[in-house]
Amino acid sequence: MKKYPESELIINSDGSCFHLHLKPEYLADKVILVGDPGRVSLVASFLDKIEHETGDREFRTITGSYKNKRITIQSTGIGCDNIDIVLNELDALANINFETRTDHPQHRTLDIVRIGTCGGLQPDTPLGSVIASVKSIGFDGLLNYYADRNTVCDLRLEEAFATHMDWDKKKGAPYVASADKDLTDRIAGDEMIKGITCSCGGFYGPQGRQLRLGIQDPEQNHKIEAFRYTMPQDMPYGGMTLKICNFEMESSALAGLASMLGHKATTCCLVIANRYQQEMNTSYKGNMADLIKMVIDRI
């Protein structure tokens, strides 16, 4: 039986996991992820009861209940690198015995929904719309460090995208991760736009923004906006033609790591900027509250 050494599974002196400062007994089966630690309180305001609260740095956690559903609300901070921390530690809390440092005999599956903000990339992704990430293309390279990445990645879509983009190998290989279809359909309902999301390794250059620095491919965003992919019939959403709907910075790592670890995950993002139309809305808190209510009802 594999035993995880102290340097790999880092447990704090109070029995909590290293970064999240969360103990196993306070993790619910249903998890809502948000980037902003301040948004944890907004999501928690919908709960009927709060049983536990903790946090350190950008990682803040509240566990409570809503209509008899036990839910953990967890902030991640920004970026796929932080998702790597959060997903591995949530899985450890669910599936590793912290006393023996060995796996639990039965796998525990989490339902994980990330609520975020994004930049829309199409004329039909206006400010205030919500995009559910059916597929996520990771520009960050995170999944490429894991041995099982090919078992969960959509290799055909990866190849089609890299060819369409004439992808420069110096930027590393993009990977394509899939959200859980059943969870995505339940959360998205008929109100959300389903499409492909690009998860970028930065907010400026990787998303094609140019201030004082030029970017490697000035035509990147135009090529991304033009990309279309019809899902093969043997895949979920078979026959559906998908386009890249938005930029954000976390969904690819979430979908990929969750798949490898045996969890169900999806991402839904409120469009607060439309890059195609060059519009921005910084007063989006009312729309975000509506999205949170929708997710917390459906998770």
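Refer to the structure above for everything that follows.
One structure accompanies this document, and this report is about it. (Residues numbered from 1 in each chain as written. Predicted model: local features only at pLDDT ≥ 70, side-chain atom pairs only at ≥ 80, totals over all residues. Heavy atoms only, no water.)

### Focus: empty space enclosed by the protein
All chains considered together, the criterion is met by one cavity of 30 Å³ or more. The volume enclosed by the largest cavity comes to roughly 30 Å³. In terms of lining, the largest cavity is formed by Ser 133, Ser 136, Ala 179, Ser 251, Leu 254, Ala 255, Ala 265, Thr 266 and Thr 267. Listed by contribution, the elements that provide at least two residues to the lining of the largest cavity are β8 (130-138), α7 (251-261) and β13 (264-274). In terms of residue class, the lining of the largest cavity is made up of four nonpolar, five polar and no charged. (1 Å grid on protein atoms, 1.4 Å probe; cavity = no way out; pocket = protein on both sides within 12 Å on 5 of 7 lines; lining within 4 Å. Points joined across faces, edges and corners; volume = space filled by probe spheres on them. Helix = DSSP H or I, 4+ residues; strand = E, 2+ residues; numbered from the N terminus. Nonpolar A, V, L, I, M, F, W, Y, C, P; charged D, E, K, R; others polar.)

### Re the layout of surface pockets
Of the pockets and cavities examined, the largest pocket occupies roughly 590 Å³. Tyr 4, Leu 9, Asn 88, Ala 92 and Ile 96 are, among the 21 residues lining the largest pocket, the residues nearest its centre. Ranked by the residues each element gives to the lining of the largest pocket, the list is headed by helix α2 (residues 80-95), at five residues. The residue inventory of the lining of the largest pocket, partitioned by class, reads nine nonpolar, seven polar and five charged. Forming the walls of the second largest pocket are 23 residues, and the residues nearest its centre are Ile 78, Thr 117, Cys 118, Phe 203 and Ile 272. Breaking the lining of the second largest pocket down by element, the ones donating at least two residues are β7 (111-120), β12 (241-248) and β13.

### So, the environment of Ser 259
Inspection of the secondary structure puts Ser 259 in helix α7. Judged by relative accessible area, Ser 259 falls into the partly exposed class, the value being 32%. The sequence separation of Ser 259 and Asp 180 amounts to 79 residues, and the corresponding C-alpha distance is 8.0 Å. Discounting residues that sit within four places of it in the chain, Ser 259 has contacts with Val 152 and Ser 178. (Buried < 20%, exposed > 50% of the residue type's maximum accessible area, 1.4 Å probe, protein only. Contact = heavy atoms within 4.5 Å.)

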